[in-house]
Amino acid sequence: MQPNNRSENRNSAIRKFVVPTLVFAGLFAVISFGTGYFKKELYSVMKVPDFELTDQNNKKTSNKDMLGKVYLVEFFYSTCPTICPIMNSNLKHIMEEIDSPDLGVISISIDPENDTPEILKAHESKIGIKSPNWHLLTGDRDYIGKIADQFNIYVGDKDDDSESLNHSGMIALVDQEGNIRCRFGKNNVPILYYSGLNYEDPEGLNTDLKGKYHPDRELLIEDIRKLLK
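Residues numbered from 1 in each chain as written. Predicted model: local features only at pLDDT ≥ 70, side-chain atom pairs only at ≥ 80, totals over all residues. Heavy atoms only, no water.

Chemist: How do you make sense of the packing of aromatic side chains when you look at a structure like this?
Modeler: A ring pair, where both rings are aromatic, is described by two values, the distance of the centres and the angle of the planes. For the structure on display, the rule yields two aromatic pairs. Considering the side-chain rings of Tyr43 and Phe184, the 5.9 Å spacing of their centres and the 65° angle between planes classify their relative orientation as edge-to-face. You can see Tyr43 sitting in strand E1 (residues 43-47) and its partner Phe184 sitting in the loop between strand E8 (179-182) and strand E9 (194-195), a full 141 residues away along the chain. On the basis of an interplanar angle of 75° and a centroid distance of 6.0 Å, the ring pair of Phe75 and Phe151 is categorised as edge-to-face. Taken together, the residues Phe75 in strand E4 (residues 70-76) and Phe151 in helix H4 (residues 141-151) connect sequence positions 76 residues apart. The exposure class of Phe151 is buried, given its relative accessible area of 0%. (Phe/Tyr/Trp six-rings, centres within 6.5 Å; stacked < 30°, edge-to-face > 60°. Helix = DSSP H or I, 4+ residues; strand = E, 2+ residues; numbered from the N terminus. Buried < 20%, exposed > 50% of the residue type's maximum accessible area, 1.4 Å probe, protein only.)

Chemist: I keep staring at helix H2 (residues 83-98) and nothing clicks. Help me out?
Modeler: Turn by turn, an α-helix covers 3.6 residues, leaving residues three or four places apart pointing in a common direction. Taking 1.5 Å as the rise per residue, H2 with 16 residues should run 22 Å; its terminal C-alpha atoms sit 23 Å apart, in good agreement. Taken together, the buried positions of H2 are occupied by Ile83, Cys84, Ile86, Met87, Asn88, Asn90, Leu91, Ile94, Met95 and Ile98. Residues of H2 that are buried sit in contact with E4, strand E5 (103-109), helix H3 (117-127), strand E6 (134-137), strand E7 (170-174) and helix H5 (215-228). Following H2 by one or two positions, Asp99 has its phi on the positive side, about 50°. (Expected span 1.5 Å × (residues − 1). Contact = heavy atoms within 4.5 Å.)

Chemist: Quick question: what am I supposed to make of the nonpolar core here?
Modeler: Soluble, globular proteins show a tendency: their nonpolar side chains are buried together. Formed by 51 residues in total, the largest nonpolar core has its most connected members in Val73, Phe75, Ile108, Phe151, Leu173 and Ile224. Sorting elements by how many residues they give to this core places H2 first, with seven residues. When neighbours within four sequence positions are excluded, Phe75 is seen to be in contact with Met87, Ile108, Ile110, Ile144, Ile147, Ala148, Phe151, Ile153, Val155, His167 and Ser168. (Core = buried A, V, L, I, M, F, W, Y, C linked by side-chain atoms within 4.5 Å.)

Chemist: Looking at this structure, I do not really get the pairing of E8. What am I missing?
Modeler: Put simply, side chains in a regular strand alternate between the two faces of the sheet. Residues Asn179 and Arg181 line one face of E8 and the alternating positions Ile180 and Cys182 line the opposite face, and both faces are buried. Bridge count for E1 against E8 is four bridges, and the pairing is antiparallel. If you follow Tyr43 over to E8, its bridge partner there is Cys182. Pairing geometry for E7 and E8, over two bridges, is antiparallel. The residue of E8 that forms the bridge with Leu173 is Arg181. Taken together, E7 and the strand that follows it, E8, pair antiparallel across an intervening segment of four residues, in which Gly178 is found at a positive phi of about 85°. (Pairing = 2+ DSSP bridges.)

Chemist: Even after reading the chapter, I still don't get the side chain of His135, so can you show me in this structure?
Modeler: Mapped onto the elements of the fold, His135 is located in strand E6. Accessibility expressed as a relative area gives 14% for His135, which makes it buried. Separated by 3.4 Å, the side chains of His135 and Asp55 make a polar contact. Aside from chain neighbours lying at most four places away, what touches His135 is Asp55, Gln56, Thr61, Met66, Val105, Ile106 and Ser107. (Polar contact = N/O pair within 3.5 Å; in protein donor to acceptor, adjacent residues only side chain to side chain.)

Right under this line is the structure:
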């Protein structure tokens, strides 16, 4: 019996449409799964800049000493009346919440003329630091300014009296291999750094020294735990 040309043409057209569509759908599903999987991972921003400064125990501490540990980096100064106490408090909360010997903090003073090792030792006691992995660092101000620039974390010009003690409230997250890491934020763009501040809203849109919300603190706890696994 001769085949029905119209039916055969119709079946052929369906095959030409369905097969590529199924292939495309399968490929899209794989790509979507892969993209979703990798977005759960933390982005590698860059290698942590080299640094070596003196801590509150008058001992040299460098980025090499921190290898093998996950740690957080902030710039602060002990007499800061505004954001530094908040940053210190949030970092203390993170350290107590995770409570791991493999977690540390590097707090670099931008006021080294005042923040001697002895002053930083008193500050350690004042804010209740208990971890031996929390290093309050001091040293040459020009050197500290260069370190901040290499981190891409804002610190004011030391030669500008109105700016010299200004600094960012951002915190860097560093992994065990010395890589600065971060999560992906809105629009799947890496956030680069985490805020150490408090906010008046849970979304973290409006800073408030007395704010009861600290969304990035919770993000840091989650991301530190990922790195410690």
